[in-house]
Amino acid sequence: MEIHWLKSAIAMRFAQLNYIAADNPAAAIQLDQRIDQQIDRLADHPRMGRVGRVKGTSEMIIARTPFIAIYHIKANRIEILCILHGAQQWPQPAKRRGRRLT
C-alpha cells in the first residue's frame, strides 16, 4: 500500500521535531528516523495499529518515542492524519451535519 501524509500531519510532525531540535538536534534526528521506519512498516502491515479513538481511524504507537501516528486506510493507501505526542490533547472528531460529535 502507498503511504500518504496529509499536509497538516507533515506540519505537525516537523513542528514537534523542531521543538525537540532546539534543545537536542541529535535526538530530533533520531526521532524522525524512528517515525519514518515505523510508518514505512504500515505499507506492508496496514492493520498493525489499534482501533483509533476517533471512528474510522487507527493508531500506531511509534515505539521508543512519545509519539502516536493516527491514520486511516482509504482504498489502496494509508493516510497519515497526524502525529501526536502522547501528552497532547486529542483532536476533536470531525464535524457532521454542522454539529460536533462527542
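Fair warning: this is a prediction, and the values are worked out from it, not measured in the lab.

Thresholds, definitions, all that
- Residues numbered from 1 in each chain as written.
- Predicted model: local features only at pLDDT ≥ 70, side-chain atom pairs only at ≥ 80, totals over all residues.
- Heavy atoms only, no water.
- Salt bridge = Lys/Arg side-chain N within 4 Å of Asp/Glu carboxyl O.
- Buried < 20%, exposed > 50% of the residue type's maximum accessible area, 1.4 Å probe, protein only.
- Core = buried A, V, L, I, M, F, W, Y, C linked by side-chain atoms within 4.5 Å.
- Helix = DSSP H or I, 4+ residues; strand = E, 2+ residues; numbered from the N terminus.
- Expected span 1.5 Å × (residues − 1).
- Arc of directions from axis to C-beta.
- Contact = heavy atoms within 4.5 Å.
- pLDDT = per-residue confidence, 0-100.
- Pairing = 2+ DSSP bridges.
- Axes fitted to C-alpha atoms, helices over the stretch in contact; angles between N-to-C directions.

1. Some words on the pattern of salt bridges
Under the definition given, this model contains 5 salt bridges. Here Arg50 and Glu59 are joined by a salt bridge, their closest N and O atoms 2.9 Å apart. Among the residues examined, Arg50 registers a relative accessible area of 37% and is labelled partly exposed. Across the pair Arg53 and Glu59 runs a salt bridge whose closest N-O atoms are separated by 3.6 Å. Here Glu59 falls in the buried class, since its relative accessible area comes to 3%. Through salt bridges with shared partners, one network takes in Arg13, Asp32 and Asp36.

2. Brief notes about the nonpolar core
Nonpolar side chains tend toward joint burial in soluble globular proteins. One finds Trp5, Ile35, Ile39, Leu42, Ile62, Ile80 and Ile83 to be the most contacted residues of the largest nonpolar core, which totals 15 residues. For this core, the secondary structure elements donating two or more residues are helix H1 (7–23), helix H2 (25–41), strand S4 (67–74) and strand S5 (77–85).

3. What to know about H1
For H1, built from 17 residues, the straight-helix expectation of 24 Å at 1.5 Å per residue is met to within 8% by its first-to-last C-alpha distance of 25 Å. Taken residue by residue, H1 has Ala9, Arg13, Gln16 and Leu17 as its buried positions. Projected onto a plane normal to the axis of H1, the buried residues spread over an arc of 95 degrees and lie on a single side. What points out from H1, more than 90 degrees from its buried face, is the exposed set Lys7, Asn18, Tyr19 and Ala22. Against strand S1 (2–5), H2, S4 and S5 lie the buried residues of H1.

4. Notes on the confidence of the model for the chain
A residue-level look at the chain finds 84% of positions with pLDDT of 70 or above and a mean pLDDT of 87. A low-confidence stretch, residues 95–102 (pLDDT under 50), is modelled with 6 contacts involving residues beyond four sequence positions or located in other chains.

5. Examining the sheet that holds S5
Here we have 5 strands laid out as an open sheet, ordered S1-S5-S4-S3-S2, and mixed in their pairing. Both edges of this open sheet fall to S1 and strand S2 (50–51), since each of them pairs with a single strand only. Against the sheet, H1 touches S1, S4 and S5, its axis set at about 35 degrees to S5.

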